[in-house]
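Chains, contacts and geometry: an overview
Letter by letter, the chains look like this.
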Amino acid sequence: MAISPLSLLVLAGLLGSLATEDLQKKVFVFPTASNSAAVFLKAPLQQPLTSFTVCLRYYTLLTRAYGLFSYATRRNSNELLLYKFNPNQYSLYLGGSNVSFDLPEKQGSQSDWEHICVSWDSATGLVELWVDDHLLPRMGMKKGYSINPEASIVLGQDQDSFGGGFDINQSLVGEISDVYMWDRVLTPDEVNLVWNDLRVDNSLIDWRDLDYETRGYVVLHPPVFPSY
Ligand SMILES: *[C@@H]1O[C@H](CO)[C@@H](O)[C@H](O)[C@H]1NC(C)=O
Ligand SMILES: *[C@@H]1O[C@H](CO)[C@@H](O)[C@H](O)[C@H]1NC(C)=O
């Protein structure tokens with residue numbers, strides 16, 4: 001039986017993405033609230049993570065809660081979750097626990113791109129949150145914990161189950177870019193490089209070599225200058 005190009009495409013879809021893509025100077029736009037729009041990321045994780053750094057840049061006018069980076073395992077949908085409760089509060093969930101960072105009140109909603117890096121180290125339990133290259137007072141959680149490597153990683157939604165369970169009222173409406181993850185805590189100099197859109201090698205998730213799949217209404221688009 002002849003194999004048509006279409007069936008090859010279908011096969012490629014079933015096997016998952018066959019190639020990665022350099023998304024430098026591109027953003028994912030989540031144009032409306034939905035319980036279906038999401039970007040699934042693949043990371044080559046083989047062993048439990050005892051430290052990590054996740055960095056990303058985003059832009060939204062939301063004042064309600066939403067998920068930014070959701071790393072679920074089959075046992076725990078909040079194995080690693082970066083969540084925004086409101087414009088002034090970031091929360092990191094790890095293995096079911098959480099810490100929250102209360103930022104100084106901003107006037108109204110967010111009027112520009114914001115860059116964040118969050119890291120955690122099992123040896124100390126310390127969580128570092130950098131907002132636009134500014135380190136907030138460190139907090140601690142889950143000292144001695146290891147993060148399960150069999151993960152479903154999603155941007156723009158909060159997973160309440162492995163790979164799904166999205167809630168429209170926790171969806172991101174806005175834009176997201178420059179998503180990276182490392183299996184270590186970045187140094188302050190490295191965070192500064194990432195904030196400046198310069199390269200820090202050996203990331204598990206690499207915006208310039210991204211293994212991803214979009215679902216639902218998500219648009220990959222150039223950013224609008226000069227905002228970012
Ligand atoms: C976050 O942690 C606090 C304790 O630090 C707890 O009271 C709260 O229920 C937790 N929130 C969620 C949604 O798990
Ligand atoms: C989302 O929020 C709206 C308005 O608050 C509410 O009416 C609706 O029931 C919520 N939907 C879900 C799925 O929770």
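Please read these numbers as outputs of a predicted model, since none were measured by experiment.

This part covers the nonpolar core. Here is a general trend for soluble globular proteins: nonpolar side chains tend to be buried in one another's company. Core analysis: the largest hydrophobic core is formed by 55 residues, its most contacted members being Phe-28, Phe-52, Phe-69, Ile-176 and Met-181. Discounting residues that sit within four places of it in the chain, Phe-52 has contacts with Leu-80, Leu-92, Leu-94, Val-118, Ser-119, Trp-120, Ile-147, Met-181, Trp-182, Asp-183, Arg-184 and Val-185.

On to the pairing of strand β12 (residues 152-155). Here β12 shows a buried face lined by Ser-152 and Val-154 and a second buried face lined by Ile-153 and Leu-155. Inspection of the sheet shows strand β2 (residues 38-41) paired to β12 by three bridges, in the antiparallel sense. By the bridge assignment, Val-39 is partnered in β12 with Leu-155. Examined bridge by bridge, strand β4 (residues 66-72) and β12 share four bridges and lie antiparallel to one another. If you follow Ser-70 over to β12, its bridge partner there is Val-154.

The pLDDT averaged across the protein works out to 90; a share of 88% of its residues lies at or above 70. Taken as a whole, residues 8-16 scores under 50 in pLDDT and shows four contacts with residues more than four places along the chain or in a different chain.

Reading guide: rules and limits
Residues numbered from 1 in each chain as written. Chains lettered and ligands numbered in written order. Predicted model: local features only at pLDDT ≥ 70, side-chain atom pairs only at ≥ 80, totals over all residues. Heavy atoms only, no water. Core = buried A, V, L, I, M, F, W, Y, C linked by side-chain atoms within 4.5 Å. Buried < 20%, exposed > 50% of the residue type's maximum accessible area, 1.4 Å probe, protein only. Contact = heavy atoms within 4.5 Å. Helix = DSSP H or I, 4+ residues; strand = E, 2+ residues; numbered from the N terminus. Pairing = 2+ DSSP bridges. pLDDT = per-residue confidence, 0-100.

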